[in-house]
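# Tertiary structure, described
For reference, the chains in residue letters:
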Amino acid sequence: IYLLPRLRPVLQRYYPGLHLTVHQGDSREITDRIIREEFELGVVGSRFAMDTCDFAPVGNDRIILVAGIGHPWFEKTVVLLSELGKQNFILREPGSGTGKTVKDALTAAGINPEDMPVKVTLGSNEAIKNAVTAGIGISFVPAVSVSRELEQGELREVTVSGLEIVRHFFLLTRTGRELSPAATAFARILHETFN
């Protein structure tokens, strides 16, 4: 939803007849649909161990902690890892690449994600942004998804000392499936743009 629209001008310039249809879903859902051959390719934020799909790296994004205007951390610039367990969190649904990346990073930093107080679990970054802005809690979100809200002062990035989270994006295809010329063109532009 944030990265693919950047490809539109490039695709239009080199392949003006190419029509792009985008379906949004979490990484698990898109992977399952590729396996069922409903889609030729996908862009996902999680890599799953399987031999039926190929995951080719195509870029990355930082995942940051954000707070809304009414939250006590809105005025803070840095918090400690140990402070995370004292706040209400808004999380992504199971199957989300962002959610998996955050859980893995927290676990590696010595924080048990299951011990964090979760106020609500939502199915999209857009829903999470709205919930954080409304003051329901704080959340880890892809930086690319909140750039406008950060610029406008609706949200504030809060640095967690000793924690840096980077999410990798992958071009997902079915192993052994030959891509159509249109899908091949899209994959080439995707790699050139984000690598």
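Residues numbered from 1 in each chain as written. Predicted model: local features only at pLDDT ≥ 70, side-chain atom pairs only at ≥ 80, totals over all residues. Heavy atoms only, no water.

When helices and strands are counted, the chain shows six helices and eight strands. Beginning at the N terminus, the succession of helices and strands in the chain can be written as α-α-β-β-β-β-α-β-α-β-α-β-β-α. By the compact-globule yardstick of 16 Å for 195 residues, the chain fits well, its C-alpha radius of gyration being 18 Å. When the backbone C-alpha atoms are referred to their principal axes, the chain occupies close to 50 × 35 × 25 Å. (Helix = DSSP H or I, 4+ residues; strand = E, 2+ residues; numbered from the N terminus. Rg over C-alpha atoms; globule rule 2.2 N^0.38 Å.)

As paired elements, strand β2 (residues 53-68) and strand β7 (residues 155-160) share four bridges and run antiparallel to each other. Residue pairing for β7: A67 is matched across the bridge by R156. Pairing of strand β3 (residues 78-79) with β7, which is carried by two bridges, proceeds in the parallel orientation. Counterpart to V79 in the pairing with β7 is V160. (Pairing = 2+ DSSP bridges.)

Before going further, it helps to spend a moment on the side chain of R92. Here R92 shows up in strand β4 (residues 89-92). Overall, R92 belongs to the buried group, its relative accessible area being 16%. Among the polar contacts listed, one links the side chain of R92 to the side chain of E93, at a separation of 2.9 Å. Here the side chain of R92 touches N125 through a polar contact of 3.3 Å, side chain to side chain. When near neighbours in sequence (up to four residues on either side) are disregarded, R92 contacts D26, T98, G99, T121, L122, G123, S124, N125 and I128. (Buried < 20%, exposed > 50% of the residue type's maximum accessible area, 1.4 Å probe, protein only. Polar contact = N/O pair within 3.5 Å; in protein donor to acceptor, adjacent residues only side chain to side chain. Contact = heavy atoms within 4.5 Å.)

A few words on helix α3 (residues 97-108). The first and last C-alpha atoms of α3 sit 16 Å apart over 12 residues, in line with the 16 Å expected at 1.5 Å per residue. Along α3, the residues classified as buried are G97, T98, G99, T101, V102, A105 and L106. Those residues of α3 hidden inside the fold are in contact with α2 (27-35), β2, β4, α4 (125-133), β6 (139-142) and β8 (165-174). The residue sitting at the N-terminus of α3 and contributing the capping side-chain oxygen is S96; that oxygen lies 3.2 Å from the backbone nitrogen of T98. Phi turns positive one or two residues past the end of α3, at G110, with a value near 90 degrees. (Expected span 1.5 Å × (residues − 1).)

Another point: the side chain of E83. Counting through the fold element by element, E83 comes out in the loop between β3 and β4. Each residue touching E83, except ones within four places of it in the same chain, is listed here: W73 and K76.

With that settled, the discussion passes to the environment of L18. Structurally, L18 is set in the loop between α1 (8-14) and α2. Overall, L18 belongs to the buried group, its relative accessible area being 18%. Separated by 168 residues in the primary sequence, L18 and F186 have C-alpha atoms spaced 8.8 Å apart. Those residues in contact with L18, other than ones at most four positions away along the chain, are R8, L11 and A182.

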